[in-house]
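Read off the chains here:
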Amino acid sequence: LAFTDTDLLRYAYRLVGFDADWVETPAQRRLASYTNLPPGRYTLELRVAPQRGAWSAPLSIPVQVQALWYQHRAVQALGVVLLVLLLIGAERLRSLMLRRQQARLEALVAQRTEELRETQAQLEKMAYFDGLTGLANRRLFSEELSGRIAEVSRGGGGFALVLIDLDRFKQINDEYGHAAGDAMLVAAAQRLRDAVRAGDRVARLGGDEFVALLRPVGDGLQALEAVCRRIVEELAQPLTLPG
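Residues numbered from 1 in each chain as written. Predicted model: local features only at pLDDT ≥ 70, side-chain atom pairs only at ≥ 80, totals over all residues. Heavy atoms only, no water.

Enquirer: How should I be thinking about the overall build of the protein chain in this particular structure?
Expert: The secondary structure content of the protein chain amounts to five helices and seven strands. Moving toward the C terminus, one meets the helices and strands of the protein chain in the order β-β-β-β-α-α-β-α-α-β-β-α. Its C-alpha atoms give the protein chain a radius of gyration of 52 Å, more than 25% over the compact-globule value 18 Å for 243 residues. Dimensions of the protein chain, computed from the C-alpha atoms along their principal axes, are close to 145 × 50 × 30 Å. With 243 residues in all, the protein chain has 24% of them scored as buried. For the protein chain, the proportion of contacts with a sequence separation of at least 24, taken over those separated by at least 6, is 56%. As presented, the protein chain carries roughly 17,100 Å² of accessible surface, and 57% of it is formed by carbon and sulfur atoms. Charge centroids of the protein chain, computed over 30 positive and 29 negative side chains, lie 13 Å from each other. (Helix = DSSP H or I, 4+ residues; strand = E, 2+ residues; numbered from the N terminus. Rg over C-alpha atoms; globule rule 2.2 N^0.38 Å. Buried < 20%, exposed > 50% of the residue type's maximum accessible area, 1.4 Å probe, protein only. Contact = heavy atoms within 4.5 Å. Areas by Shrake-Rupley, 256 points an atom, 1.4 Å probe, with all protein chains shown as cover. Lys, Arg positive; Asp, Glu negative; His and termini not counted. Charge placed at Lys NZ, Arg CZ, Asp CG, Glu CD.)

Enquirer: Before we go on, may I ask you to explain the packing of helix α4 (residues 178-195) against helix α5 (residues 221-236) in this structure?
Expert: Geometrically, a packed helix pair is captured by the angle between its two axes and the distance between the axes. Where α4 contacts α5, the axes come no closer than 9 Å and their chain directions differ by 150°. One way to sum up the angle between α4 and α5 is to call them roughly antiparallel. Considering the relative orientation of α4 and α5, their crossing is right-handed. In this structure, α4 contributes Ala188, Arg191, Leu192 and Ala195 to the contact, and α5 contributes Val227, Arg230, Ile231, Glu234 and Leu235. Looking at the contact of α4 with α5, its residues break down into six nonpolar, no polar and three charged. (Axes fitted to C-alpha atoms, helices over the stretch in contact; angles between N-to-C directions. Parallel < 35°, antiparallel > 145°, perpendicular 65-115°, else oblique. Left-handed = near helix turned anticlockwise from the far one by under 90°. Nonpolar A, V, L, I, M, F, W, Y, C, P; charged D, E, K, R; others polar.)

Enquirer: I tried to follow the nonpolar core on my own but got confused; where do I start?
Expert: Among soluble globular proteins, nonpolar side chains are generally buried collectively. Ranked by size, the top nonpolar core spans 21 residues in total, and within it Ile164, Phe210, Leu214 and Ile231 carry the most contacts. Elements with a minimum of two residues in this core: β5 (160-165), α3 (169-176), α4, β7 (209-214) and α5. When residues of this core are assigned to their parent elements, the largest contribution, six residues, is made by α4. Not counting the four nearest positions on each side in its chain, Ile231 is found in contact with Ile164, Leu192, Ala195 and Val196. One finds Ala136, Leu140, Leu205 and Leu213 within the second-largest nonpolar core, a separate group that totals eight residues. (Core = buried A, V, L, I, M, F, W, Y, C linked by side-chain atoms within 4.5 Å.)

Enquirer: Hey, could you run me through the sheet that holds strand β3 (residues 40-50) in this one?
Expert: Strand pairing in a sheet relies on backbone hydrogen bonds. The paired strands run either parallel or antiparallel. Read across the open sheet, the four strands follow the order β2-β1-β3-β4; overall the sheet is antiparallel. Of all the strands in the sheet, just β2 (23-25) and β4 (59-65) have a single pairing partner and so form its edges. Averaged over all pairs of adjacent strands, the angle between their axes in this sheet comes to 25°, without regard to strand direction. Where strand β1 (residues 9-16) and β2 come together, three bridges link them in antiparallel fashion. (Pairing = 2+ DSSP bridges.)

Enquirer: Whenever I open this one, the pattern of salt bridges confuses me. Can you help?
Expert: Pairs can form between side chains of opposite charge once their charged atoms are near each other. This structure, assessed with the given rule, holds 11 salt bridges. Where Arg14 meets Glu45, a salt bridge forms, and the shortest distance between an N and an O atom there is 2.8 Å. You can see Arg14 sitting in strand β1 and its partner Glu45 sitting in strand β3, a full 31 residues away along the chain. On the accessibility criterion, Arg14 (26% relative accessible area) is partly exposed. A salt bridge links Arg139 to Glu143; its shortest N-O distance comes to 3.8 Å. Pair noted here: Arg139 and Glu143 are both in helix α2 (residues 138-153), with a separation of four residues, about one helical turn. Given the relative accessible area of 41%, Glu143 is considered partly exposed. (Salt bridge = Lys/Arg side-chain N within 4 Å of Asp/Glu carboxyl O.)

Enquirer: How should the side chain of Asp19 be read in this particular structure?
Expert: Tracing the chain through its elements places Asp19 in the loop between β1 and β2. Within the local environment of Asp19, its side chain forms a polar contact with the side chain of Tyr34, the two groups lying 2.2 Å apart. If we skip the residues at most four places from it in the chain, Asp19 touches Arg14 and Tyr34. (Polar contact = N/O pair within 3.5 Å; in protein donor to acceptor, adjacent residues only side chain to side chain.)

Bear in mind that shape data such as this cannot, by itself, settle questions of function.
So this is what it looks like as structure tokens:
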């Protein structure tokens, strides 16, 4: 089967197992090209015929197509395993990022909540407590006094109302300045706290005026008189201010 007499002969080929029919080709073309053949065993058949005659018996050439490295089953299985591991890793990374984002959001929410709580506490303190002494202010005192009166009207225990006024406070402010006056008010407030009992309430009405709501306990008036004596004794102690 020589490629001779190219003007008188015609040729054809087919790859058994791949080509559905014979492929005729001019004698001048001596290359049969196949790409992307699946790995396996094939047979390349060639035949020749005169321009108007019958085809010759085909010449059979065995062809073995070797698998490329990525076409081996072991490599493909490894690729599948790597793909699965990659997907699992990507999902875990996504979950980790989501958890971190959630943790950041929770921390941010907790921080904002704590800030709001602190702000709320500051607002409540500003609304109900004196900014200088830390004692209850006139508003909180009025609410508690109304509550005590309501308790008494329902048959509850009574209470005592003690008004405290600092003598010559204006003179201290005039001679030593408002800083000294403020320091004296703070010290007086602390002394009042120390003089009353846990269930009593001390408030600052304004300026140098304070008030205490005392609950009678034990022997009634004698216990209240003892608290009042302690208040007078605490406030009678000398107060030394810086300078």
